[in-house]
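Summary of structural features
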Amino acid sequence: MTDAYELMERAEDGGRGREGAFDREAWARRKRDEREEVFELADKAALRVNADPTARSGYAAVMAALPGHSATNALLVYAQRPGAKQIGDSAYWSQKRARIKKGERGIAILEPGREYVRDDGSIGNFYDVKKVFDVSQTTARERLGRRASPTDVLTALVMRSPVPIEPQEGPVEGSVRYDAAAGAILVERGLGDKRLLDGLLTEQAHAFLAGGDPSYDRDAHRPQAALAAAVAAMRLGIPAPEGGIPAPAPPGAEPKEIRNALNGARSASADIAARVGEALSKDREHDAPTR
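Residues numbered from 1 in each chain as written. Predicted model: local features only at pLDDT ≥ 70, side-chain atom pairs only at ≥ 80, totals over all residues. Heavy atoms only, no water.

As for the pairing of strand β5 (residues 176–179)
What you see with β5 is a clean split: V176 and Y178 sit on the buried side and R177 and D179 on the side with no burial. Pairing geometry for β5 and strand β6 (residues 184–188), over four bridges, is antiparallel. If you follow R177 over to β6, its bridge partner there is L186. Hairpin connection from β5 to β6: four residues lie between these consecutive antiparallel strands, with G183 at a positive phi of about 65 degrees. (Buried < 20%, exposed > 50% of the residue type's maximum accessible area, 1.4 Å probe, protein only. Helix = DSSP H or I, 4+ residues; strand = E, 2+ residues; numbered from the N terminus. Pairing = 2+ DSSP bridges.)

Focus: the confidence of the model for the chain
Summary statistics for the chain give a mean pLDDT of 88 and a share of 89% for residues scoring 70 or more. Mean pLDDT per element in the chain: helix α1 (residues 4–11) is the minimum at 48, and β5 is the maximum at 98. (pLDDT = per-residue confidence, 0-100.)

Overview of the nonpolar core
One recurring pattern in soluble globular proteins: nonpolar side chains tend to sit buried together. Judged by nonpolar contacts, the single largest core of 62 residues is most densely connected at Y59, V77, V153, L157, Y178, L201 and V276. Ranked by the residues each element gives to this core, the list is headed by helix α8 (residues 218–236), at nine residues. Apart from the residues lying within four places of it in its own chain, the contact partners of V77 are V62, L66, P82, A84, I87, I107 and I109. One finds V38, A42, A108 and L110 within the second-largest nonpolar core, a separate group that totals six residues. (Core = buried A, V, L, I, M, F, W, Y, C linked by side-chain atoms within 4.5 Å. Contact = heavy atoms within 4.5 Å.)

Thoughts on the sheet that holds β6
With mixed pairing, the three strands of this open sheet are ordered in space as β4-β6-β5. Of all strands in the sheet, those bounded by a partner on one side alone are β4 (165–168) and β5. If you compare each strand with its neighbour and ignore which way they point, the axes differ by 30 degrees on average. Note: β4 against β6, four bridges, orientation parallel. (Axes fitted to C-alpha atoms, helices over the stretch in contact; angles between N-to-C directions.)

Encoded structure:
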C-alpha cells in the first residue's frame, strides 16, 4: 500500500526539485504562465465583445450581475461562465454554508497582489490568478435579482440626478440631452415616461463620464454611455433603453483600449444604480408599516 506521506510528497512535487527542495523558479514560471494565459483569455473576450453585438449583450448581463468586479474580470467570467450571477471562492461559499458541486471547474479571475514601482515612478500591481465559482456551481440558492418598477426608477432618477434637470419649452436634440457647457440635462416637455426614462439613464451616464468638464466629447463617449445605461437598467430590473449597445471602442482597437472603455461604462452604471437603489430603499423604509 502506498504510504500516505509519499502521496503528500508527490502532491507537493510541482514546486520542488528532485531532492525535495522548493524550486522557486519553477513555481514563479508556473504562476507567470498561468497569468499570461488568463490575460490572453481576457484580451480575446474584449475583442469579441467589441465586434459581436450578441457578445456585448451577454457581457452587459454579467457586468450587471457582478457590479463589484473590474471590466477585465467581467470579461473573464463572461468567457468562462456567461450566465454567472454571483461568484466567490471556496472560502466564500463555505461561509454561506454551501458546497462546490462535484466536478465543477473554477472560473479564473485576476486578483491584485503586491505593489511595485514602474520606471516612470508610478505604482503598479502584480496580479495573481484566483479561482471562483458561480452560485449555479454550488449547493446555495440563487438570490433573486432586484426588480423595481419603471415609474419608481424614473422618479429616483429625477430626484437623485447628479446634475440639474432643466425642462425646455422648445425642442431639444435627442429630446433629452446632457449639455456639458451648461452642466445640466435639458429635457423637452411632453415626453412619455419610457422616452424620459431611457433618456435620463443615458444622459446621466454622460454626466458621470463628463465629470464636470465643459469640453466633454459626447460623441467619443456615446458607446460607453449607452452600455452604462443598459447595465444600470439590467441591474435595476427594468428594460434597457432601446437602440442596442454599440461597440465600446472603434474597430481595430487594442484590447487595452476596449477594457478602458468598458471600465468607464462600469463606473457610470454603478453610479446610476447606487443613486437609484439608495432612493428606492429609502422609499421602501418610508412606506413600511409601523408596529
